[in-house]
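Structural overview for review
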Amino acid sequence: MNRKPLRILRSVLAGIVLAATIGLGAFNSWWVALIVGPLGIIGAFTMLAPRPTRVSELPAHRRGSSSAAVPIRVEALTRSSLGTGEVQPTMVTATIDPPDDTEYQARWITAMTRGSFTSLVGQPHSTLAPTDLPPRPDGRRAPEFDDEPGRWAVIYPAIMVVTLCAVLFAVGGGWHVSAPRSISSLADAIDSGTDDSDTAGSDLTKSLNTLLGAVDEHLGPQARDNLLSVQLSGESGSDIATVFDPRTGRATNVYVSGRSYTSPVPNTLRKSSVFSAGDLASTDMGAIVARMKADATPFTGDLTFERLTAKRTDPGQPVLLTGTFDPPNDRRMSSVDIEATLDGSVAGYFDPGDLKRSMDLARSALTSAQLSLSAPAIRELRIRGTADGTPFPLEASNVQNSGGIVIDHVTPRQSATITIVPGKFPEVRTTSGSTGEGVAFDDISLATLESVRNQAMTRGAVSDFDRNGVEIAVESEYYRDPPTVITVGVGPDDASEGTYSLTGEFLKAGTY
């Protein structure tokens, strides 16, 4: 039986397993490599990868037992003396006497058991199956014991390496897998202790404990229950706590930067803005900072952790954590802020220039705020990108500096402004009712917005790499004709700026 095809298949499978092991380890957290690495490597090399030996590539000697068996007369047997195993390479010299053909003498090497060797020594007349007959001599050199495994000792590993490279590079970044949040959080928490780019985990915990110790020392232990804000910088060692005095309404900053000291600061906040150090006790700040960075990096480039701040954004509102990161030097943004709750929920980071993603977020925010999607109540829907080529703000808005989405939803009973900024939780501000109508959100077509952007890029000769540097708005004002228009600008030059109808027809250059 020819076992070479089976060993070739095993080499291919071993290459696939090794590719998966390397890919999963390289494109995921270290704990993935720790789990799959030993299993993949051990499995590939011990169970799958063929290991050619001196007998593995030789045909096994077997006596012909059928009526078609060919008689042979063994004249010499030379058994290898390099090993003591049951099966050894054995050189056979014999005369082959095929029926109805001329006999010939042949020499070949076969994998022969000790029992077969002893039997042939005692009884040199034997038989071979027709399929096992050695070829007639053709002038080639006689086989030698060191001929095996020969080229197959290189071919099998070569097949495995070629398969490994083909599978690994064909799949590429597809080796990245999304683990369940609980597992990722645990791994991120462990990572944060060793990731020097985040300075998270144990560094932040140590900084918090040191800062709270300074608060106790300067203002007394009761002060840690009257915190207005806490700012931690991790290993840089520059941390600040702002403490409220419930007896006087004043506030004091406690600083830790090598040494600790205090300084009074102006304050208009009151008890409703205070939180306790105990609120932070169960918060895994390292895991939160690691997740912030992981969520934003695909859009911002590699981030460097700067500080983590805890405070209430408004009196009576939950305490929020805000991570501040420095983007790469080649990005126009000066810093990146990302919010999270104390239970570990991180505000989603996104590219507003992805209009589909922005429209999905706008729809979700309106639904969460229980605002109608079908009523003609959208007075303004503005989407402003964060890409480097985003134009100068077409109009003052809540997202003119940060980029994001702003929605003005107006009904006779109330006016609501929803602001969605990358890295921040949606913010909803409501006031009493206002007059005027707008357009239904359901009537704003994503296809039309994409068409308007494409037209603007063509008109302004905007390069494709500036595509997401867009500001586009659906605006409704009673003095306009038509009352509802789409304004747009793409890229750093104003040549693309224009005004379009709600159905996407070009109306005029400029947005005023």
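Look up a bit, the structure's there.
The structure displayed is predicted, hence computed values, not measured ones.

Conventions used here
Residues numbered from 1 in each chain as written. Predicted model: local features only at pLDDT ≥ 70, side-chain atom pairs only at ≥ 80, totals over all residues. Heavy atoms only, no water. Helix = DSSP H or I, 4+ residues; strand = E, 2+ residues; numbered from the N terminus. Rg over C-alpha atoms; globule rule 2.2 N^0.38 Å. Buried < 20%, exposed > 50% of the residue type's maximum accessible area, 1.4 Å probe, protein only. Core = buried A, V, L, I, M, F, W, Y, C linked by side-chain atoms within 4.5 Å. Contact = heavy atoms within 4.5 Å. Salt bridge = Lys/Arg side-chain N within 4 Å of Asp/Glu carboxyl O. Pairing = 2+ DSSP bridges. Axes fitted to C-alpha atoms, helices over the stretch in contact; angles between N-to-C directions. Left-handed = near helix turned anticlockwise from the far one by under 90°. Nonpolar A, V, L, I, M, F, W, Y, C, P; charged D, E, K, R; others polar.

Side note on the overall build of the chain
Within the chain, the secondary structure is distributed over nine helices and 19 strands. For 512 residues, the compact-globule estimate of 2.2 N^0.38 gives 24 Å, and the C-alpha radius of gyration of the chain, at 38 Å, exceeds that figure by more than 25%. The principal-axis extents of the C-alpha atoms in the chain amount to approximately 110 × 70 × 40 Å. Buried positions account for 43% of the 512 residues belonging to the chain.

Regarding the nonpolar core
Core analysis: the biggest nonpolar cluster contains 35 residues, and Val230, Met292, Leu308, Phe325 and Ile338 have the highest contact counts within it. At the level of secondary structure, the elements contributing two or more residues to this core comprise α6 (202–219), β5 (227–232), β6 (239–244), β7 (251–257), α7 (285–300), β9 (304–312), β10 (319–326) and β11 (336–341). In terms of residue count, α6 provides more of this core than any other element does, six residues in total. Sequence-distant contacts of Phe325, that is, excluding residues within four places in its chain, are made with Val289, Met292, Lys293, Leu303, Thr304, Phe305, Glu306, Ser335, Val336 and Ile338.

Comments concerning the pattern of salt bridges
Charged atoms that come close allow side chains of opposite charge to pair. On inspection of all chains with the given rule, the structure shows 19 salt bridges. Asp245 is the partner of Arg247 in a salt bridge, and the nearest nitrogen-oxygen pair spans 3.2 Å. Its salt-bridge partner being Arg453, residue Glu450 comes within 2.9 Å of it at the nearest N-O pair. Within this pair, Glu450 and its partner Arg453 are both found in helix α9 (residues 446–459), separated by three residues, close to a single helical turn. Within this structure, Glu380, Arg382, Arg384, Glu395, Glu471 and Glu475 form a network of salt bridges that share partners.

Observations concerning the sheet that holds strand β1 (residues 70–79)
Read across the sheet, four strands follow the order β3-β2-β1-β4 without closing on themselves; strand pairing throughout is antiparallel. The open sheet terminates on both sides in strands that have one partner only, identified here as β3 (104–113) and β4 (125–128). When strand polarity is set aside, the average angle formed by the axes of neighbouring strands in this sheet is 45°. Helix α3 (residues 114–122) contacts β1, β2 (87–96), β3 and β4 of the sheet and is inclined by roughly 140° relative to β3.

Some words on the packing of helix α8 (residues 355–368) against α9
Contact geometry for α8 and α9: axes closest at 10 Å, N-to-C directions at 140°. In this structure, α8 crosses over α9, and the sense of that crossing is right-handed. Of α9, the residues touching α8 (which contributes Leu355, Lys356 and Met359) are Leu446, Leu449, Glu450 and Arg453. For the contact of α8 with α9, the per-class residue count stands at four nonpolar, no polar and three charged.

Points about the environment of Leu381
For Leu381, the location among the structural elements is in strand β12 (residues 378–384). A relative accessible area of 3% means that Leu381 is categorised as buried. Sequence separation between Leu381 and Val439 is 58 residues, and the spatial gap between their C-alpha atoms is 9.7 Å.

What to know about the pairing of β5
Within β5, five of the six residues are buried, which leaves the element mostly enclosed by the surrounding structure. Both β5 and β6 contribute to a ladder of four bridges, which runs antiparallel. Residue Gln231 lies in a different strand from β6, and its bridge partner there is Ile240. Relative to β9, β5 is paired through four bridges, and the arrangement is antiparallel. Pairing of Ser229 across the sheet is with Lys311, part of β9.

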